[in-house]
Amino acid sequence: MSRTPLRIGLSARLLHTPPAELGFPGKTLQYLEQSMAHWIMSHGGLVLMVPTIGQHLGLRRAQISVHDYVSVLDGLVLQGGADVSPTTYRQEPLRPEWTGDRVRDLYEIELLWEFVIQGKPVLGVCRGAQLINVACGGTLWQDISEYVPGAAAHRDVDLYDKHHHEIDLVPGSRLTTLYGGISSGLVNSIHHQAVRDLGSDLRIEAYSRGDNVVEAIRWQGNGYLFGCQWHPEFHGGAGGLLDGSPILQDFLDAADRARG
């Protein structure tokens, strides 16, 4: 008898002020990006978006807890989106447009640690990697081009995910092992913030070539937390880009082991 597919939770993106043409005045929308869901599904996982949970996030009768949600899921993917709020890592926004989404931060950090407590893996992509760092006590560069001396361009609004750069994998890291010992790869780059001070028990597994901006981190604690700054769900192994499958399969294998 075949095993039931892994049930992978996907944290929601939040749209606090929907455009008028969508027809939801005064409401908050929660949504996912199609490529991320399809990437997980193409590897056999069932994707279930996890809405915000808890009275402080709008659930007036907290009859369903974060624990309840995590107990029926096998792993968590933190998808990209709005900036992490500087207030979440005890700083003030240096510009109004870098205020970020504090509500989403609180929701995702609570989710993240409940998955860790229950011994289930967490994969963070772009914002998700930054969120892992902040959840572990680290900080972020609020804008790479503004505050990282000599930094290359990590975002091009017009090119979006067609904007690429090389990364160097740290020798001896789990990431290097997943990719058969290679030392570098080409990835997309669509972010303007990045890891600054590394969080507790985290290890860097990749840097962007030339400016050493952190591109991948992994937790060394008793659990599975991995974050990459690029979007592997936008890679297919074509065009010379680093295939995202080894990253996702490693995460799914961890979820399968946790399920027993």
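Per an unreviewed UniProt entry, the protein chain is named Gamma-glutamyl-gamma-aminobutyrate hydrolase family protein, and its organism is Aromatoleum toluolicum.

Draft legend 1. The arrangement of the state of the cysteines in detail. This model, assessed by the stated rule, comprises 0 disulfides. Free cysteine C228: the closest other cysteine sulfur is in C126, separated by 8.7 Å.

Draft legend 2. Spotlight on the environment of W141. Along the chain, W141 turns up in strand β7 (residues 140-141). W141 gets classed as partly exposed once you look at its relative accessible area, which sits at 22%. Between the alpha carbons of W141 and P93 there is a distance of 11 Å; along the sequence they are 48 residues apart. Setting aside chain neighbours within four positions, we find W141 in contact with Y147, V148, Q193, A194, V195 and R196.

Draft legend 3. Main features of the layout of surface pockets. Space inside the largest pocket adds up to approximately 370 Å³. Lining the largest pocket are 19 residues, with G81, D83, R155, I190 and H191 positioned closest to its centre. The residue inventory of the lining of the largest pocket, partitioned by class, reads 5 nonpolar, 8 polar and 6 charged.

Draft legend 4. View of the sheet that holds strand β8 (residues 164-169). Reading across the sheet, the 9 strands line up as β4-β1-β5-β6-β13-β12-β11-β8-β9 and stay open at both edges, with mixed pairing between neighbours. The outermost strands of the open sheet, each flanked by one partner alone, are β4 (46-50) and β9 (184-188). The average undirected angle you get between the axes of adjacent strands in this sheet is 25°. Sheet topology places β8 next to β9; 5 bridges connect them, and they run antiparallel. Along β9, the bridge assignment pairs I167 with G185. Strands β1 (7-11), β4, β5 (75-78), β6 (122-125), β12 (214-219) and β13 (225-228) of the sheet are contacted by helix α3 (residues 102-117), whose axis makes an angle of about 150° with β5.

Draft legend 5. Region of interest: the nonpolar core. If you look at the biggest cluster of nonpolar residues, it comprises 31 residues, and the most contacted ones within it are L78, L111, L112, F115, V122, I132 and L225. At the level of elements, α2 (66-71), β5, α3, α4 (127-135), β11 (202-208) and β12 are the ones that each hand at least two residues to this core. A total of 6 residues in this core trace back to one element, the largest contributor, which is α3. In this structure V122 touches L76, L78, L112, F115, Y224, L225, F226 and F251, once residues within four positions along its chain are discounted. I8, I40, Y224 and L252 belong to the second largest nonpolar core, which has 30 residues in total.

Definitions and limits used
Residues numbered from 1 in each chain as written. Predicted model: local features only at pLDDT ≥ 70, side-chain atom pairs only at ≥ 80, totals over all residues. Heavy atoms only, no water. Disulfide = S-S within 2.5 Å. Helix = DSSP H or I, 4+ residues; strand = E, 2+ residues; numbered from the N terminus. Buried < 20%, exposed > 50% of the residue type's maximum accessible area, 1.4 Å probe, protein only. Contact = heavy atoms within 4.5 Å. 1 Å grid on protein atoms, 1.4 Å probe; cavity = no way out; pocket = protein on both sides within 12 Å on 5 of 7 lines; lining within 4 Å. Points joined across faces, edges and corners; volume = space filled by probe spheres on them. Nonpolar A, V, L, I, M, F, W, Y, C, P; charged D, E, K, R; others polar. Pairing = 2+ DSSP bridges. Axes fitted to C-alpha atoms, helices over the stretch in contact; angles between N-to-C directions. Core = buried A, V, L, I, M, F, W, Y, C linked by side-chain atoms within 4.5 Å.

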